[in-house]
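# Coordinates in review
The chain contents come next:
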Amino acid sequence: MQELSRGARLALAQDLTHSELRVSLAIQGLALDFACFATDAAGKLVDDRYMTFFNQPATPCGGVGLTRQGDVVNGFVFRLAVLPPKVERVVITASIDGGGVLSQLAHGLVGLHGAGTEFARFSFTGQDFAQEQAVMLGEFYRRDGGWRFMAVGQGFNGGLPALVRHFGADVAHDATPAPAAPSISLEKRVEAKAPQLVSLVKSAGVSLAKAGLQGHRARVCLVLDISGSMSALYRKGLVQSFAERILALGCRFDNDGDIDVFLFGRNVHQTEPMGLSNWTGYVEKIIERHPLEGDTRYGAAMAAVRRYYFPDAAGGERKSPHAAAVPVYVMFVTDGSTSDQPMTERQLRWSSREPIFWQFMGIGKGKKSKSKRLSDFADSDFPFLEKLDELSGRLIDNADFFSVASPDEHSDSTLYDLLMTEYPAWIGQARRHGLLLQDAAP
């Protein structure tokens, strides 16, 4: 029997893909609900009937079905050869039933069985996670005319509804999981929920199309400086308007219509996501809860963002590449330099081994840095941000920087073009270095 580690891949013999293959699931310490998503090449559910869970125990073709011990779901049975050709991947997930987080998990096991024998297994514990409420356990995917299995073990925030939205469908916001409803077009969703953002979403789409990223999927994170010097920008509503433009980009990248938001000054605060249901007055509300504060600490903010998306590293050093199903695009906004420059440099180097891209934007003339190590950039308004843009010692170039006199300096189209200056090239590098699961070589 083969022991699989996170990210390990296993080619399946032809006799396994043309016969019955069983995946057993054993969890200790938490009550979890299991679900299976059959997705297309874009990673989206091919049909709402191809989400397999306790209310919908099998796909129409019979390629995926639940297995039970009494009333308890204990795994899935797969007949991969009968799945429609449009199914490229089948992702096995689990979400918490009730309260709790995955770090409370005692032990978990995914076992692969064929011809009555367990031939591979993937083990994990709560130490592999943090505050997530769901996890992508593993997936079967097509490659070179056959099927392969990958042990994923990637935590996911938001529980089953967030998983359903991630795989391209809408779900009712209630406590009872239900079959995913077919998703409607992005423009119709925005028009129905936030018609004022339609033009922004369309403008973002044009820039993405020019960059060759029409169908690209990514998680979007907005990181905002809340140091005292930003006061006028918040008071005039300029930060709110800018956040709306990033939300529109987030709608293009991830059709759940939400972006994650972090604030930083002396401390770091993660707020509730900004989305189509709460975007009006969003910035004013979060600043009421988290007033502006002294100091500016990029490194602390970057560590918090990394802990959220990649909890296994806990914001610390990562020495080998780490893969995920979709990348993270971070829009990092500040009006000056930082008091934790060494930590910031370490965070950028460590995160170069993760599927996360940092887009830095400096506003205004920039506050004076406390560092005396920036002589190479003495004529710049943002010398440290320029240094980060060219920082040595990274696996790949994972950051870009530009400055503006004011958040509203550029038109929507120009801004979105600026946001896509280096990101498309980074995607290519991330794929070649195995940071993106869908495109990484086996």
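In this text, all values refer to a predicted model and were calculated from it rather than measured experimentally.

Parameters at a glance
- Residues numbered from 1 in each chain as written.
- Predicted model: local features only at pLDDT ≥ 70, side-chain atom pairs only at ≥ 80, totals over all residues.
- Heavy atoms only, no water.
- Salt bridge = Lys/Arg side-chain N within 4 Å of Asp/Glu carboxyl O.
- Helix = DSSP H or I, 4+ residues; strand = E, 2+ residues; numbered from the N terminus.
- Buried < 20%, exposed > 50% of the residue type's maximum accessible area, 1.4 Å probe, protein only.
- Pairing = 2+ DSSP bridges.
- Axes fitted to C-alpha atoms, helices over the stretch in contact; angles between N-to-C directions.
- Parallel < 35°, antiparallel > 145°, perpendicular 65-115°, else oblique.
- Left-handed = near helix turned anticlockwise from the far one by under 90°.
- Contact = heavy atoms within 4.5 Å.
- Nonpolar A, V, L, I, M, F, W, Y, C, P; charged D, E, K, R; others polar.
- 1 Å grid on protein atoms, 1.4 Å probe; cavity = no way out; pocket = protein on both sides within 12 Å on 5 of 7 lines; lining within 4 Å.
- Points joined across faces, edges and corners; volume = space filled by probe spheres on them.
- Core = buried A, V, L, I, M, F, W, Y, C linked by side-chain atoms within 4.5 Å.
- pLDDT = per-residue confidence, 0-100.

### Description of the pattern of salt bridges
Here the structure, examined in full by the defined rule, presents 16 salt bridges. Across the pair arginine 79 and glutamate 20 runs a salt bridge whose closest N-O atoms are separated by 2.8 Å. Here the residue arginine 79 occupies a position in the loop between β7 (72-78) and β8 (89-96), and glutamate 20 occupies one in the loop between α1 (14-17) and β3 (21-28), the gap between them amounting to 59 residues. Take arginine 79: its relative accessible area is 34%, and that puts it in the partly exposed class. You can call glutamate 20 partly exposed: its relative accessible area is 46%.

### As for the pairing of β3
With 4 bridges joining them, β3 and β7 adopt antiparallel strand pairing. Note on β7: the bridge partner recorded for serine 24 is glycine 75. In this structure, β3 lies alongside strand β9 (residues 107-114), joined through 8 bridges in antiparallel fashion. Looking at β9, one finds that alanine 26 is bridged to leucine 109.

### Regarding the packing of helix α6 (residues 238-253) against helix α11 (residues 412-419)
The interhelical angle for the contact between α6 and α11, taken along N-to-C directions, is 60°, at an axis separation of 11 Å. Our classification of the angle between α6 and α11 gives oblique. Here α6 runs over α11; the crossing is right-handed. Along the contact surface, α6 presents Phe242, Arg245, Ile246, Ala248 and Leu249, while α11 presents Asp412, Leu415, Tyr416 and Leu419. Here the residues of the contact of α6 with α11 sort into 7 nonpolar, no polar and 2 charged.

### Concerning the packing of helix α4 (residues 198-210) against α11
Axis separation between α4 and α11 bottoms out at 9 Å; the angle between their running directions is 40°. The orientation of α4 relative to α11 falls into the category oblique. Where α4 crosses over α11, the handedness of that crossing is right-handed. Across from Leu200, Ser203, Ala204, Ser207 and Lys210 in α4, the residues of α11 making contact are Asp412, Ser413, Tyr416 and Asp417. Broken down by class, the residue content of the contact of α4 with α11 amounts to 3 nonpolar, 3 polar and 3 charged.

### Considerations on the environment of leucine 105
With respect to the helices, strands and loops of the structure, leucine 105 is situated in the loop between β8 and β9. Separated by 73 residues in sequence, leucine 105 and leucine 32 place their C-alpha atoms 10.0 Å apart. When neighbours within four sequence positions are excluded, leucine 105 is seen to be in contact with Ile27, Gln28, Leu30, Phe124, Thr125, Gly126 and Phe129.

### Brief notes about empty space enclosed by the protein
Taken as a whole and judged by the stated rule, the model has 6 cavities of 30 Å³ or more. Approximately 70 Å³ is the volume attributed to the second largest cavity. Every residue lining the second largest cavity is listed: Arg6, Asp128, Phe129, Glu132, Gly153, Gln154, Gly155, Tyr309, Phe310, Pro311, Asp312 and His322. The element contributing the most residues to the lining of the second largest cavity is strand β12 (residues 146-156), with 3 residues.

### A closer look at the sheet that holds strand β6 (residues 64-69)
With mixed pairing, the 6 strands of this open sheet are ordered in space as β1-β10-β9-β3-β7-β6. The open sheet terminates on both sides in strands that have one partner only, identified here as β1 (2-4) and β6. Here the average twist between neighbouring strands, direction ignored, is 25°.

### Some words on the nonpolar core
With 56 residues, the main nonpolar core has Leu222, Phe253, Leu419, Met420 and Tyr423 as its most contacted residues. For this core, the leading source of residues is α6, giving 10 residues. Not counting the four nearest positions on each side in its chain, phenylalanine 253 is found in contact with Leu208, His216, Arg217, Ala218, Val220, Tyr329, Met420 and Tyr423. Leu16, Ala94, Ala120 and Leu137 belong to the second largest nonpolar core, which has 41 residues in total.

### Considering the confidence of the model for the protein chain
Averaged over all residues, the pLDDT of the protein chain equals 86, while 90% of them reach at least 70. Segment residues 170-184 is flagged for pLDDT under 50; beyond a separation of four residues in sequence, or across chains, it makes 27 contacts in the model. Contacts from residues 438-442, a stretch scored under 50 in pLDDT, to residues over four places away or in other chains number 16 contacts.

### Notes on the sheet that holds strand β5 (residues 51-52)
The strand order across the open sheet formed by 6 strands is β2-β12-β11-β8-β4-β5, and the pairing between neighbours is antiparallel. In this open sheet, the two strands that pair with only one neighbour each are β2 (9-11) and β5. Of the pairings in the sheet, the one linking β8 to strand β11 (residues 134-143) comprises 7 bridges and is antiparallel in character. Paired with alanine 94 across the strands is valine 135, a residue of β11.

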